[in-house]
Amino acid sequence: MKNTFIAIICLFIYSCSHQNEQTVKIEMQTEYGSIISELYPDKAPITCENFIKYIKESKFDSLKFYRVVRMDNQPNNKVKIEVIQGGLGDYMLDSKYPSIEHETTKETGILHKDGVISMARLEPGSADTEFFICIGDQPELDFGGQRNPDGQGFAAFGKVVKGMDVVKKIQQLEDNSQMLINKVEITSINILE
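Residues numbered from 1 in each chain as written. Predicted model: local features only at pLDDT ≥ 70, side-chain atom pairs only at ≥ 80, totals over all residues. Heavy atoms only, no water.

*Asks:* Describe in detail the overall build of the protein, supporting the description with residues and values.
*Replies:* Helices and strands together make up the secondary structure of the protein, namely four helices and nine strands. Residues counted as buried form 48% of the 193 residues belonging to the protein. In the protein, once contacts between residues fewer than 6 apart in sequence are set aside, the share between residues at least 24 apart is 70%. (Helix = DSSP H or I, 4+ residues; strand = E, 2+ residues; numbered from the N terminus. Buried < 20%, exposed > 50% of the residue type's maximum accessible area, 1.4 Å probe, protein only. Contact = heavy atoms within 4.5 Å.)

See the structure below:
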């Protein structure tokens, strides 16, 4: 009886602590299959709003995965990571909105764990349409990590909940200095109701 009571209390506390969490589910369809992700607008509002705006306003119609980073294709990097990267690329400059403010992992609490989606950038405040998905835990991409010399890390804003097998397939495709020989088109990206 005592154990049952404790279990009920724990369940109640857990449900209350997660009650206010908001997520938005999205689906990316590729020739290799579907990738379903949750975005966390309650934790990363600026980054999520930007990404969702691109989806809702059909600005992501030419979205592609174009870069794969594996242990075997980054010989000159002291700090190695594993990701696939996608976005509109520089060839779609007319479709881009202004860059967004940088939300660090220190602010959001969303760490670069396996399956986490994050914004690619050059310097803080330069992110727009380019994003990546982590394969395995990538703490060097968090605030204070060493992958980027400024130590600000990257702005994580969601996580793959179904389709990591697709992400891993894409990561293994043939590349030339991390750039895919054949880019993988994201044929559709939709918000799931």
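From this point, things continue past the structure.
*Asks:* Give me the lowdown on the packing of aromatic side chains, citing residues and values where you can.
*Replies:* The full count for this structure, using the stated rule, is seven aromatic pairs. For the ring pair Tyr-54 and Phe-60, a centre distance of 5.0 Å and an interplane angle of 15° mean the geometry is stacked. Of the two residues examined, Tyr-54 and Phe-60, each falls in the buried class. Taken together through their ring pairs, the aromatic side chains of Phe-51, Tyr-54, Phe-60, Phe-65, Tyr-97, Phe-131 and Phe-157 make up a single cluster. Here the basic side chain of Lys-43 rests over the ring of Tyr-40, its NZ or CZ set 5.3 Å away from the ring centre. Looking at Lys-53, its charged tip hangs above the ring of Tyr-97, at a distance of 4.1 Å from the centre. (Phe/Tyr/Trp six-rings, centres within 6.5 Å; stacked < 30°, edge-to-face > 60°. Lys NZ or Arg CZ within 6 Å of the ring centre and 35° of its normal.)

*Asks:* So what's going on with the pattern of salt bridges? Residues and values would help.
*Replies:* According to the stated counting rule, one finds four salt bridges in the structure shown. A salt bridge links Asp-175 to Arg-70, with the shortest nitrogen-to-oxygen separation between them at 2.7 Å. Placement of the pair is Asp-175 in strand β8 (residues 175-176) and Arg-70 in the loop between β3 (64-69) and β4 (83-87), with a sequence separation of 105 residues. Exposure remark for Asp-175: the relative accessible area of 18% places this residue in the buried category. Judged by relative accessible area, which is 10%, Arg-70 ranks as buried. (Salt bridge = Lys/Arg side-chain N within 4 Å of Asp/Glu carboxyl O.)

*Asks:* How would you sum up the pairing of strand β2 (residues 33-39)? Please name residues and give values.
*Replies:* Here β2 lies mainly inside the structure; six of its seven residues are buried. As paired elements, strand β1 (residues 24-30) and β2 share seven bridges and run antiparallel to each other. Counted as the bridge partner of Lys-25 is Glu-38 from β2. Connecting β1 to the antiparallel partner β2 that follows it, the hairpin turn spans two residues. Of the pairings in the sheet, the one linking β2 to strand β7 (residues 155-162) comprises four bridges and is antiparallel in character. Its bridge partner being in β7, Leu-39 is matched across the sheet by Gly-158. (Pairing = 2+ DSSP bridges.)

*Asks:* Explain helix α2 (residues 45-56) residue by residue, including any values.
*Replies:* For α2, built from 12 residues, the straight-helix expectation of 16 Å at 1.5 Å per residue is met to within 8% by its first-to-last C-alpha distance of 16 Å. Residues Thr-47, Cys-48, Asn-50, Phe-51, Ile-52, Tyr-54 and Ile-55 constitute the buried set of α2. Packing partners of the buried residues in α2 comprise β1, β2, β5 (116-119), β6 (131-134), β7 and β9 (179-192). Backbone geometry just after α2 places Ser-58 at a positive phi near 55°. (Expected span 1.5 Å × (residues − 1).)

*Asks:* Got a sec to walk through the layout of surface pockets? Specific residues and values, please.
*Replies:* Here the largest pocket defines a volume of roughly 360 Å³. Considering the residues around the largest pocket, the lining is formed by 18 residues, among which Gln-85, Ala-120, Arg-121, Leu-122 and Phe-154 are closest to the centre. In terms of residue class, the lining of the largest pocket is built from eight nonpolar, three polar and seven charged. Taken together, 12 residues line the second largest pocket, and the ones lying closest to its centre are Tyr-40, Lys-43, Ile-110, Val-116 and Lys-159. Here the lining of the second largest pocket is built from residues that sort into four nonpolar, two polar and six charged. (1 Å grid on protein atoms, 1.4 Å probe; cavity = no way out; pocket = protein on both sides within 12 Å on 5 of 7 lines; lining within 4 Å. Points joined across faces, edges and corners; volume = space filled by probe spheres on them. Nonpolar A, V, L, I, M, F, W, Y, C, P; charged D, E, K, R; others polar.)

*Asks:* Explain the nonpolar core to me, using residue names and the numbers behind them.
*Replies:* Nonpolar side chains in soluble globular proteins tend to end up buried together. Membership of the largest hydrophobic core comes to 41 residues, with the highest contact counts inside it found for Met-28, Phe-51, Phe-65, Phe-131, Ile-170 and Ile-189. If one sorts the elements of this core by residue count, α2 sits on top with five residues. If you look at the next biggest cluster of nonpolar residues, it comprises eight residues, including Ile-81, Phe-132, Cys-134 and Leu-141. (Core = buried A, V, L, I, M, F, W, Y, C linked by side-chain atoms within 4.5 Å.)

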